[in-house]
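If you want the building blocks of each chain, they are given just below.
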Amino acid sequence: MKGQLLSGCRWLAFVVVFMVASCSKSDPDTISGHEPFQQANLKLALALEEESQCLPQYFDENILDSPCESTAFGLVIESYLKSFLDDAVFYDDENQFDFNIVDRFSSLNRQYITHYRGEVYFGKNGQFTSEVQKTSRKLDRFWPANREIVINAQHVQDLSDRETLADMIESFDKDVPNREESYRRADLLLNLSSRSEVLPESPYFAMAAFSRNNGLIVLGDGVVETFISMGLDGKLAYNALLSHEWWHQVQYEQNWKNITDFSSASEFSKYRELQADFASAYFLTHKRGAAYNWKKIESFFEISYNTGDCFVQSPTHHGTPEERREAAKLGYQLASSAQRKGEIMSIEALNTIFEDFYY
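No experiment lies behind these values; they were computed from the predicted model shown.

How each quantity is defined
- Numbering of residues begins from 1 in every chain and follows the order in which that chain's sequence is written.
- Totals for whole chains, interfaces and linings use every residue, but because this is a predicted model, local features are given only for residues with pLDDT of at least 70 and side-chain atom pairs only at 80 or more, for both listing and counting.
- The side-chain figures draw on all heavy atoms in the structure; neither hydrogens nor water molecules are used.
- Side-chain atoms within 4.5 Å are what join buried Ala, Val, Leu, Ile, Met, Phe, Trp, Tyr and Cys residues into a set we call a nonpolar core.
- Throughout, exposure labels follow a simple rule: accessible area from a 1.4 Å probe, protein chains only, divided by the maximum for the residue type, with under 20% read as buried, over 50% as exposed, and the rest as partly exposed.
- Any two residues whose heavy atoms approach within 4.5 Å at even a single point are treated as in contact.
- To qualify as a helix, a DSSP run of H or I must reach at least 4 residues; to qualify as a strand, a run of E must reach at least 2; elements of each kind are numbered from the N terminus.
- Take the residue count of a helix, subtract one, and multiply by 1.5 Å to get its expected span.
- What qualifies as a polar contact is a pair of N or O atoms within 3.5 Å, subject to a donor-acceptor requirement within protein and to the restriction that residues adjacent in sequence count only when both atoms come from side chains.
- Fitted lines through C-alpha atoms serve as axes, helices being fitted only where they are in contact, and the angles separating the N-to-C directions of these axes extend from 0 to 180 degrees.
- Here a crossing is called left-handed whenever its near helix is offset anticlockwise from the far helix by less than a right angle, and right-handed whenever the offset is clockwise.
- Gly counts as polar in this scheme, as do all residues outside two lists: the nonpolar Ala, Val, Leu, Ile, Met, Phe, Trp, Tyr, Cys and Pro, and the charged Asp, Glu, Lys and Arg.
- Two rings belonging to Phe, Tyr or Trp (six-membered ring only in the last case) form a pair when the distance between their centres is within 6.5 Å. Interplanar angles under 30 degrees mark stacking, angles over 60 mark edge-to-face geometry, and anything in between is tilted.
- We call a charge positioned over a ring when the NZ of a Lys or the CZ of an Arg lies within 6 Å of the ring centre and within 35 degrees of the ring normal.
- Two strands qualify as a pair provided that DSSP identifies no fewer than 2 bridges between them.

> Looking at this structure, I do not really get the nonpolar core. What am I missing?
Ranked by internal contacts, the top residues of the largest apolar core, which has 87 residues, are Phe-84, Phe-90, Trp-143, Ile-151, Phe-205 and Trp-246. Aside from chain neighbours lying at most four places away, what touches Phe-205 is Phe-84, Val-102, Phe-105, Ser-106, Asn-109, Gln-154, Val-156, Leu-159, Val-198, Leu-199 and Pro-200. Ile-113, Ala-208, Leu-216 and Val-218 belong to the second largest nonpolar core, which has five residues in total.

So, in structure tokens, the structure goes:
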């Protein structure tokens, strides 16, 4: 039975990969859509020829013809799911795996942080709070917003606190008549946690990273912890996620494109996500943005690559790993070419350039 469940979890792991980096709100298929990026290299080279005659070539045209494969990030997510399969608390009296338990903890924490307003900290011990605050101030100067942008942090430890759990249940369980019933249900969840080796400490339960069109950005500890486990820097991971999500706020405000402009929901989603990778790399590289050096930018490329997915027909498709990395590289090269002047390209110009690249 567990062997059969594992194949389902492999599928779910890939779903999580692109939902995790979901910044706006299925089976693997043939990879398509490489042509825009092959053409983009040529267009970029021509557009920047006047800026720098010695601009190095960072792109391999053949790389986009490679097959879509699972990433290291996806494999870590799969390891989280495997740990659930090995934990007896997730099995019912008939020894059937109950994924509703996983979904219960995940959905409560996601709903809670979507509606939470109050003090926030980033990192399990708040160790990344100042970095996120500093980068948000830079982003607000780089791409000023016409709305208040609220950045929330998602933590697994909220699922261990009785009062917070009761708040979640009272707020989101529509059939809860009173606080007493909220406590009763919270205690049931805490009892499960006390008998489990992974509840609720698994980073899986804080994997949110998304934007909403009301100005909300949510960054989960679990996403960053996963990147750290892969040997990547935590500050870099937060800044990569935040700048990517911030560009989605720009997209919401400008409303340049909508789903009717594309042949499918998956193409619309991919366009928005790749543009956010492109813009994020531009900000992180620009000397008036995060001013990252080449070593950090290389690590950022790995973050972009690892948050790609192979579900090209999914309505939440984010682009394949290779496409996401190529989009980030395009943004890097555009910003690095302007280092001498230090001018920040307007968001309208960035949008136009990316359209040229994409089409």
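> Got a minute to help me understand helix H7 (residues 179-194) in this structure?
Residues separated by three or four positions in an α-helix point in the same direction, a consequence of the helix having 3.6 residues per turn. Compared with the 22 Å implied by 1.5 Å per residue over 16 residues, the 22 Å span of H7 between its first and last C-alpha is a close match. Taken as a whole, H7 has its buried residues at Glu-181, Ser-182, Tyr-183, Arg-185, Ala-186, Leu-189, Leu-192 and Ser-193. Those residues of H7 that are buried lie in contact with helix H4 (99-115) and helix H6 (162-172). Sitting at the head of H7, Asn-178 places a side-chain oxygen 3.3 Å from the backbone nitrogen of Glu-180.

> Would you mind showing me how to read the packing of helix H10 (residues 265-285) against helix H12 (residues 321-337) here?
Helix-helix packing is characterised by the crossing angle of the two axes and by the distance between the axes. Put simply, H10 and H12 touch, their axes get as near as 7 Å, and they point 35° apart. The way H10 lies across H12 gives a crossing that is right-handed. Seen from H10, the contacting residues are Lys-270, Glu-273, Leu-274, Asp-277, Phe-278, Ala-281, Tyr-282 and Thr-285; seen from H12, they are Glu-323, Arg-324, Ala-327, Ala-328, Leu-330, Gly-331, Tyr-332, Leu-334, Ala-335 and Ser-336. Classifying every residue of the contact of H10 with H12 by side-chain character gives 10 nonpolar, three polar and five charged.

> So what exactly am I meant to see when it comes to the packing of aromatic side chains here?
Where two aromatic rings form a pair, the distance of their centres and the angle of their planes describe that pair. In total, this model carries 31 aromatic pairs according to the counting rule given. With 6.0 Å between their ring centres and 80° between their planes, Phe-122 and Tyr-238 make a pair best called edge-to-face. On the criterion of sequence distance, the pair formed by Phe-122 in the loop between H4 and helix H5 (129-142) and Tyr-238 in helix H9 (residues 234-254) is long-range, its members being 116 residues apart. Here Phe-122 falls in the buried class, since its relative accessible area comes to 3%. An aromatic cluster is defined as three or more aromatic residues linked by ring pairs; in this entry it consists of Phe-84, Phe-90, Tyr-91, Phe-97, Phe-99, Phe-105, Tyr-204 and Phe-205. Arg-179 extends its terminal NZ or CZ atom over the ring of Tyr-183, reaching a point 4.9 Å from the ring centre. Its guanidinium or amino end placed over the ring of Tyr-252, Arg-272 lies 5.3 Å from that ring's centre, counting from NZ or CZ.

> It is not clear to me how the environment of Ile-347 should be interpreted in this structure. Could you clarify?
Relative to the helices and strands, Ile-347 is located in helix H13 (residues 347-358). As for Ile-347 and Ala-279, which are separated by 68 residues in sequence, their C-alpha atoms are 9.0 Å apart. Beyond its immediate chain neighbours, meaning those up to four positions away, Ile-347 contacts Trp-143, Trp-247, Val-250, Gln-254 and Trp-256.

> How should the sheet that holds strand S1 (residues 150-154) be read in this particular structure?
Hydrogen bonding along the main chain pairs the strands of a sheet, whether they run parallel or antiparallel. Pairing is mixed across the open sheet formed by three strands, whose spatial order is S1-S3-S2. Looking at the sheet topology across the chains shown, the edges are occupied by S1 and strand S2 (209-211). The sheet shows a mean angle of 15° between the axes of neighbouring strands, direction not considered. In this structure, S2 lies alongside strand S3 (residues 216-220), joined through three bridges in antiparallel fashion. Paired with Phe-210 across the bridge in S3 is Val-218. The strands that helix H8 (residues 221-229) touches are S1, S2 and S3; relative to S3, the one it contacts most, it runs at about 45°.

What is shown is where atoms sit, not what they do.
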